[in-house]
Amino acid sequence: MSAILFFSDLHLGDSRNSIAYEEENLASLGSLIRRRKYAAVINLGDTVSRKEFLRDNMSAEEVFEKYRRWRDALGVPFRECTIYRERGFFEEFFGQKADSCWEDIPGTAVITLSPDDVEDHQCSAAQWQWLSEMLDRTAGKTVLIGSHVPYPGCCSRPVTPGIYLPIDDAVRQKLENHQGAVFWAGGHFHWHDDPPLHQGSLTAFVGGRFLLETHPDRYTYVREVDLDTLAVRTLTDLTCEK
(Lines give C-alpha, C1' and ligand atoms only; values in the text may rest on other atoms or scores of the structure.)
Protein backbone atom coordinates (compact mmCIF):
# COMPACT_ATOMS: atom_id res chain seq x y z
CA MET A 1 0.00 0.00 0.00
CA SER A 2 1.22 3.49 -0.90
CA ALA A 3 -0.69 6.00 1.20
CA ILE A 4 -0.50 9.42 2.80
CA LEU A 5 -1.65 10.04 6.36
CA PHE A 6 -3.46 13.17 7.55
CA PHE A 7 -3.82 14.24 11.16
CA SER A 8 -4.76 17.47 12.94
CA ASP A 9 -5.14 19.25 16.27
CA LEU A 10 -2.58 17.53 18.47
CA HIS A 11 -2.71 20.57 20.81
CA LEU A 12 0.57 19.72 22.47
CA GLY A 13 1.46 21.56 25.67
CA ASP A 14 -2.20 22.14 26.53
CA SER A 15 -2.92 22.62 30.23
CA ARG A 16 -6.27 20.86 29.77
CA ASN A 17 -4.44 17.60 28.99
CA SER A 18 -2.13 15.64 31.25
CA ILE A 19 1.42 15.03 30.09
CA ALA A 20 0.68 11.29 30.19
CA TYR A 21 -2.27 11.75 27.81
CA GLU A 22 -0.14 13.83 25.46
CA GLU A 23 2.64 11.25 25.44
CA GLU A 24 0.14 8.47 24.79
CA ASN A 25 -1.21 10.33 21.75
CA LEU A 26 2.28 10.80 20.32
CA ALA A 27 3.23 7.18 20.99
CA SER A 28 0.06 5.82 19.36
CA LEU A 29 0.40 8.07 16.33
CA GLY A 30 4.06 7.20 15.93
CA SER A 31 3.28 3.49 16.15
CA LEU A 32 0.61 3.83 13.45
CA ILE A 33 3.01 5.69 11.14
CA ARG A 34 5.69 3.03 11.55
CA ARG A 35 3.32 0.09 11.06
CA ARG A 36 1.62 1.41 7.95
CA LYS A 37 4.80 2.75 6.32
CA TYR A 38 3.27 5.89 4.83
CA ALA A 39 4.78 7.56 1.80
CA ALA A 40 4.28 10.89 3.61
CA VAL A 41 2.41 12.44 6.52
CA ILE A 42 0.52 15.75 6.44
CA ASN A 43 0.01 17.61 9.71
CA LEU A 44 -2.96 19.95 9.29
CA GLY A 45 -2.03 22.26 12.15
CA ASP A 46 -2.92 23.36 15.67
CA THR A 47 0.06 21.27 16.71
CA VAL A 48 0.67 23.40 19.81
CA SER A 49 -2.08 25.08 21.83
CA ARG A 50 -2.47 28.82 22.06
CA LYS A 51 -0.66 30.82 24.72
CA GLU A 52 -3.61 31.05 27.12
CA PHE A 53 -3.85 27.25 27.17
CA LEU A 54 -0.14 26.42 27.39
CA ARG A 55 1.10 24.82 30.57
CA ASP A 56 2.80 27.18 32.98
CA ASN A 57 6.43 28.08 32.27
CA MET A 58 6.32 26.71 28.71
CA SER A 59 6.75 28.53 25.40
CA ALA A 60 5.23 27.50 22.10
CA GLU A 61 8.73 27.21 20.63
CA GLU A 62 9.74 24.68 23.30
CA VAL A 63 6.71 22.53 22.55
CA PHE A 64 7.28 22.77 18.80
CA GLU A 65 10.84 21.57 19.39
CA LYS A 66 9.46 18.52 21.23
CA TYR A 67 7.15 17.84 18.29
CA ARG A 68 9.95 18.22 15.77
CA ARG A 69 12.16 15.72 17.62
CA TRP A 70 9.29 13.22 17.71
CA ARG A 71 8.52 13.77 14.03
CA ASP A 72 12.09 13.56 12.79
CA ALA A 73 12.72 10.31 14.67
CA LEU A 74 10.06 8.59 12.55
CA GLY A 75 12.08 8.92 9.34
CA VAL A 76 9.01 9.67 7.19
CA PRO A 77 8.53 12.80 5.03
CA PHE A 78 6.25 15.28 6.80
CA ARG A 79 4.51 18.29 5.31
CA GLU A 80 3.30 20.87 7.79
CA CYS A 81 0.31 23.25 7.64
CA THR A 82 0.81 26.39 9.67
CA ILE A 83 -1.57 29.05 10.96
CA TYR A 84 -1.15 32.78 11.19
CA ARG A 85 0.24 33.03 14.72
CA GLU A 86 3.08 30.64 13.82
CA ARG A 87 4.13 32.32 10.58
CA GLY A 88 6.92 34.31 12.24
CA PHE A 89 9.07 31.24 12.86
CA PHE A 90 7.46 28.45 10.82
CA GLU A 91 9.51 28.54 7.64
CA GLU A 92 12.89 28.73 9.36
CA PHE A 93 11.90 26.18 12.02
CA PHE A 94 10.59 23.51 9.62
CA GLY A 95 12.57 24.39 6.51
CA GLN A 96 9.35 24.53 4.50
CA LYS A 97 7.42 27.41 2.98
CA ALA A 98 3.98 27.99 4.45
CA ASP A 99 2.51 27.77 0.93
CA SER A 100 4.37 24.91 -0.71
CA CYS A 101 4.08 22.33 -3.47
CA TRP A 102 6.05 19.12 -2.83
CA GLU A 103 6.38 16.62 -5.69
CA ASP A 104 8.83 14.01 -4.41
CA ILE A 105 6.32 11.14 -4.76
CA PRO A 106 5.93 10.10 -8.43
CA GLY A 107 2.54 11.09 -9.86
CA THR A 108 1.62 13.01 -6.71
CA ALA A 109 1.75 16.62 -5.53
CA VAL A 110 1.29 17.69 -1.90
CA ILE A 111 0.26 21.32 -1.47
CA THR A 112 0.12 23.18 1.84
CA LEU A 113 -1.83 26.43 2.03
CA SER A 114 -1.74 28.88 4.94
CA PRO A 115 -4.25 31.75 4.75
CA ASP A 116 -2.37 34.94 5.49
CA ASP A 117 -5.01 36.84 7.45
CA VAL A 118 -4.99 37.00 11.22
CA GLU A 119 -8.11 34.82 11.61
CA ASP A 120 -6.82 32.07 9.25
CA HIS A 121 -10.05 32.20 7.23
CA GLN A 122 -9.11 34.27 4.17
CA CYS A 123 -6.52 33.75 1.45
CA SER A 124 -5.14 36.72 -0.45
CA ALA A 125 -5.56 37.18 -4.19
CA ALA A 126 -1.85 36.38 -4.56
CA GLN A 127 -2.34 33.07 -2.74
CA TRP A 128 -5.25 32.07 -4.97
CA GLN A 129 -3.17 32.94 -8.02
CA TRP A 130 -0.33 30.79 -6.70
CA LEU A 131 -2.65 27.84 -6.03
CA SER A 132 -4.17 28.21 -9.50
CA GLU A 133 -0.68 28.03 -11.01
CA MET A 134 0.15 24.94 -8.95
CA LEU A 135 -3.01 23.20 -10.19
CA ASP A 136 -2.03 23.99 -13.77
CA ARG A 137 1.49 22.68 -13.15
CA THR A 138 0.27 19.43 -11.60
CA ALA A 139 -2.32 18.49 -14.23
CA GLY A 140 -2.39 14.71 -14.54
CA LYS A 141 -1.13 14.14 -11.01
CA THR A 142 -2.99 13.20 -7.85
CA VAL A 143 -3.05 16.38 -5.77
CA LEU A 144 -3.38 16.46 -1.99
CA ILE A 145 -4.02 19.88 -0.44
CA GLY A 146 -3.79 20.60 3.27
CA SER A 147 -4.99 23.71 5.10
CA HIS A 148 -5.85 24.05 8.76
CA VAL A 149 -9.25 25.65 8.11
CA PRO A 150 -11.24 23.18 5.99
CA TYR A 151 -13.00 23.31 2.65
CA PRO A 152 -16.63 24.57 2.70
CA GLY A 153 -19.23 21.92 3.41
CA CYS A 154 -16.81 19.04 4.03
CA CYS A 155 -18.44 18.23 7.37
CA SER A 156 -21.90 18.61 8.89
CA ARG A 157 -21.11 21.87 10.65
CA PRO A 158 -23.29 24.56 9.04
CA VAL A 159 -21.66 26.83 6.48
CA THR A 160 -21.58 30.24 8.19
CA PRO A 161 -19.11 33.15 8.01
CA GLY A 162 -15.78 32.51 9.72
CA ILE A 163 -16.15 28.72 9.84
CA TYR A 164 -14.77 27.29 6.60
CA LEU A 165 -12.17 28.66 4.18
CA PRO A 166 -14.02 30.56 1.42
CA ILE A 167 -12.73 29.33 -1.94
CA ASP A 168 -12.09 31.57 -4.93
CA ASP A 169 -14.60 30.67 -7.67
CA ALA A 170 -12.00 30.23 -10.40
CA VAL A 171 -9.90 27.98 -8.14
CA ARG A 172 -12.97 25.95 -7.16
CA GLN A 173 -13.70 25.27 -10.83
CA LYS A 174 -10.10 24.13 -11.38
CA LEU A 175 -10.30 21.83 -8.36
CA GLU A 176 -13.52 20.22 -9.54
CA ASN A 177 -12.26 19.80 -13.13
CA HIS A 178 -8.64 18.90 -12.44
CA GLN A 179 -7.05 16.32 -14.72
CA GLY A 180 -6.41 13.89 -11.88
CA ALA A 181 -7.91 13.36 -8.44
CA VAL A 182 -7.73 16.21 -5.91
CA PHE A 183 -8.06 15.71 -2.16
CA TRP A 184 -8.42 18.72 0.16
CA ALA A 185 -8.03 18.03 3.87
CA GLY A 186 -8.59 20.46 6.72
CA GLY A 187 -8.52 20.27 10.49
CA HIS A 188 -9.75 22.84 13.02
CA PHE A 189 -13.09 21.25 13.98
CA HIS A 190 -13.36 18.88 16.93
CA TRP A 191 -16.47 17.70 15.18
CA HIS A 192 -18.20 14.60 13.88
CA ASP A 193 -16.45 11.95 11.80
CA ASP A 194 -18.30 12.92 8.61
CA PRO A 195 -17.85 11.22 5.22
CA PRO A 196 -15.88 13.09 2.54
CA LEU A 197 -17.53 15.59 0.21
CA HIS A 198 -17.26 14.75 -3.52
CA GLN A 199 -17.53 17.46 -6.18
CA GLY A 200 -16.21 16.45 -9.60
CA SER A 201 -12.48 15.66 -9.33
CA LEU A 202 -12.40 17.06 -5.78
CA THR A 203 -12.78 15.10 -2.56
CA ALA A 204 -12.78 17.28 0.58
CA PHE A 205 -12.74 16.09 4.18
CA VAL A 206 -11.69 16.86 7.72
CA GLY A 207 -8.39 15.06 8.14
CA GLY A 208 -8.53 14.18 11.81
CA ARG A 209 -8.74 15.32 15.40
CA PHE A 210 -7.08 14.67 18.73
CA LEU A 211 -9.60 15.42 21.42
CA LEU A 212 -8.84 17.07 24.71
CA GLU A 213 -8.67 14.71 27.66
CA THR A 214 -11.82 16.35 29.04
CA HIS A 215 -13.89 14.74 26.24
CA PRO A 216 -13.71 11.00 27.05
CA ASP A 217 -17.09 10.38 25.40
CA ARG A 218 -15.64 11.15 21.95
CA TYR A 219 -12.81 9.61 19.97
CA THR A 220 -9.70 10.56 18.05
CA TYR A 221 -9.49 9.79 14.36
CA VAL A 222 -7.04 10.29 11.50
CA ARG A 223 -7.46 9.74 7.77
CA GLU A 224 -5.36 8.27 4.99
CA VAL A 225 -5.55 8.46 1.22
CA ASP A 226 -4.51 5.34 -0.67
CA LEU A 227 -2.56 6.57 -3.69
CA ASP A 228 -3.22 3.34 -5.61
CA THR A 229 -7.00 3.12 -5.21
CA LEU A 230 -7.66 6.80 -4.36
CA ALA A 231 -9.77 5.67 -1.41
CA VAL A 232 -10.10 7.75 1.76
CA ARG A 233 -9.98 5.68 4.95
CA THR A 234 -10.80 6.74 8.50
CA LEU A 235 -8.78 5.20 11.33
CA THR A 236 -10.32 5.54 14.78
CA ASP A 237 -8.03 3.27 16.78
CA LEU A 238 -4.40 4.24 16.33
CA THR A 239 -3.17 1.23 18.26
CA CYS A 240 -4.68 -1.41 15.94
CA GLU A 241 -4.29 -2.31 12.27
CA LYS A 242 -7.49 -1.43 10.42
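Scroll up a little and you will see the structure.
Scope of this entry: the structure provided in the associated data block. The structure presented is a predicted model; accordingly, all values stated were derived computationally and were not measured.

1. Concerning the overall build of the protein
- When helices and strands are tallied, the protein shows 5 helices and 12 strands.
- Taking 242 residues into account, the globule formula puts the C-alpha radius of gyration at 18 Å, and the protein, at 17 Å, falls close to it.
- Along the longest, intermediate and shortest principal axes, the C-alpha atoms of the protein span 45 × 40 × 35 Å.
- Scored against the burial criterion, the 242 residues of the protein give a buried share of 53%.
- Put simply, the protein shows about 10600 Å² of open surface, and 49% of that area lies on carbon and sulfur atoms.
- One finds the centroid of the 26 positive side-chain charges in the protein at a distance of 3 Å from the centroid of its 37 negative side-chain charges.

2. Regarding the sheet that holds strand S4 (residues 100–102)
- A sheet is described by the order of its strands in space; here 6 strands give the open sequence S4-S5-S6-S7-S9-S8, paired in mixed fashion. The sheet is open, and its two edges are formed by S4 and strand S8 (197–199), each paired on a single side. Neighbour-to-neighbour, the strand axes of this sheet turn through a mean angle of 20 degrees, independent of strand direction.
- For S4 and strand S5 (residues 108–112), the ladder comprises 3 bridges, and the chain directions are antiparallel. Across the sheet, the residue bridging to Trp 102 is Val 110, located in S5.

3. Observations regarding the nonpolar core
- Among the nonpolar cores identified, the biggest contains 29 residues, and Leu 5, Phe 7, Leu 29, Ile 33, Phe 78 and Val 222 are the most heavily contacted of them.
- Those elements that place two or more of their residues in this core are strand S1 (3–7), helix H1 (19–36), helix H2 (60–73) and helix H3 (87–94).
- Not counting residues up to four positions away in its chain, the partners in contact with Leu 5 are Leu 29, Leu 32, Ile 33, Tyr 38, Ala 40, Val 41, Ile 42, Val 222, Arg 223 and Glu 224.
- Counting 28 residues, the second largest nonpolar core, distinct from the first, contains Val 149, Cys 155, Tyr 164 and Val 171.

4. Description of the pattern of salt bridges
- Scanning all chains against the criterion turns up 17 salt bridges.
- Among the salt bridges present, the one from Arg 71 reaches Asp 72, with a minimum N-O distance of 3.0 Å.
- Notably, a salt bridge pairs Asp 136 with Lys 174, separated by 2.8 Å at the nearest N-O pair. With a gap of 38 residues between them, Asp 136 in helix H4 (residues 125–137) and Lys 174 in helix H5 (residues 169–176) connect regions that are remote in the sequence.
- The exposure class of Lys 174 is partly exposed, given its relative accessible area of 27%.
- Ionic contacts of the salt-bridge type, sharing partners, join the residues Glu 22, Glu 23, Arg 55 and Lys 66 into one network.

5. Notes on unusual backbone geometry
- If you check the backbone angles, Asp 120 has positive phi at about 65 degrees while not being a glycine.
- The class of Asp 120 is buried, set by a relative accessible area of 12%.

Calculation criteria
Residues numbered from 1 in each chain as written. Predicted model: local features only at pLDDT ≥ 70, side-chain atom pairs only at ≥ 80, totals over all residues. Heavy atoms only, no water. Helix = DSSP H or I, 4+ residues; strand = E, 2+ residues; numbered from the N terminus. Rg over C-alpha atoms; globule rule 2.2 N^0.38 Å. Buried < 20%, exposed > 50% of the residue type's maximum accessible area, 1.4 Å probe, protein only. Areas by Shrake-Rupley, 256 points an atom, 1.4 Å probe, with all protein chains shown as cover. Lys, Arg positive; Asp, Glu negative; His and termini not counted. Charge placed at Lys NZ, Arg CZ, Asp CG, Glu CD. Pairing = 2+ DSSP bridges. Axes fitted to C-alpha atoms, helices over the stretch in contact; angles between N-to-C directions. Core = buried A, V, L, I, M, F, W, Y, C linked by side-chain atoms within 4.5 Å. Contact = heavy atoms within 4.5 Å. Salt bridge = Lys/Arg side-chain N within 4 Å of Asp/Glu carboxyl O.

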